[in-house]
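Listed here are the chains, written in short residue letters.
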Amino acid sequence: KGLVEQMGGEIGVISEAGKGATFWVTLRLPVVKNAIRMRNFASLTGKTVAMYDKSVLQTAATQQLLQSWGMNVYPCDDIQNLRQNCDYRILSVAIDESLPTLPIPKNSEHPTIVLSPQPQKYDNRINAIFLQKPVSQIKLFHCCPVREK
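None of the values given here were measured: they were computed from a predicted structure.

A. Highlighting the pattern of salt bridges. A complete count under the given rule lists 1 salt bridge for this structure. A salt bridge links E5 to K1; its shortest N-O distance comes to 3.9 Å. Residue E5 is classed as partly exposed on the basis of its relative accessible area, which comes to 45%. Classification of K1 as exposed rests on a relative accessible area of 66%.

B. Structural detail: the packing of aromatic side chains. Scanning the entire structure with this criterion turns up 3 aromatic pairs. Taking the centre distance of 4.7 Å and the plane angle of 65 degrees together, the rings of F41 and F141 count as edge-to-face. You can see F41 sitting in the loop between β2 (20-26) and β3 (48-53) and its partner F141 sitting in helix α3 (residues 137-142), a full 100 residues away along the chain. Here the two residues F41 and F141 agree in accessibility, since each one is buried. Plain terms: the ring middles of W69 and F141 are 5.7 Å apart, the flat faces sit at 85 degrees to each other, and that makes the pair edge-to-face. Here W69, found in the loop between α2 (56-68) and β4 (72-76), pairs with F141, found in helix α3; they are 72 residues apart in sequence, far enough to count as distant. The exposure class of W69 is buried, given its relative accessible area of 2%. Classification of F141 by relative accessible area gives buried; the value is 12%. Ring pairing ties together the aromatic residues F41, W69 and F141, which thus form one cluster. The cationic tip of R83 hangs over the ring face of Y74; the distance from NZ or CZ to the ring centre is 3.8 Å.

Calculation rules
- Residues numbered from 1 in each chain as written.
- Predicted model: local features only at pLDDT ≥ 70, side-chain atom pairs only at ≥ 80, totals over all residues.
- Heavy atoms only, no water.
- Salt bridge = Lys/Arg side-chain N within 4 Å of Asp/Glu carboxyl O.
- Buried < 20%, exposed > 50% of the residue type's maximum accessible area, 1.4 Å probe, protein only.
- Phe/Tyr/Trp six-rings, centres within 6.5 Å; stacked < 30°, edge-to-face > 60°.
- Helix = DSSP H or I, 4+ residues; strand = E, 2+ residues; numbered from the N terminus.
- Lys NZ or Arg CZ within 6 Å of the ring centre and 35° of its normal.

Encoded structure:
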């Protein structure tokens, strides 16, 4: 309560016996530059992404994010059907999938991005960058550099 009041805000509670309580806070905060707003997502407009994921929900969430950046996404739930002629490749592996059994496609321009529940690092033997799930929008964006021709 003290912190909220020191910041010039208000805090309160609405409580009903046997039903629970609702706490509320109001603050006037300055607008700051957001790290997400500082990125040039439009630079990826028209780029293509082949994406493998067995999870329908995870696929939908990642696809929606990539499409909001203007990318064309080609999802599949079978690694054998992963489209080969895309600018980027994303493999999203589940906790019960072992990476060595997944064929990591080679991409001459960009490494394959592997989204994994376990933390791992870049592996130049297989030309892959590993990001731990849940993946940060900023970290994913930084794995998709745009090379000017």
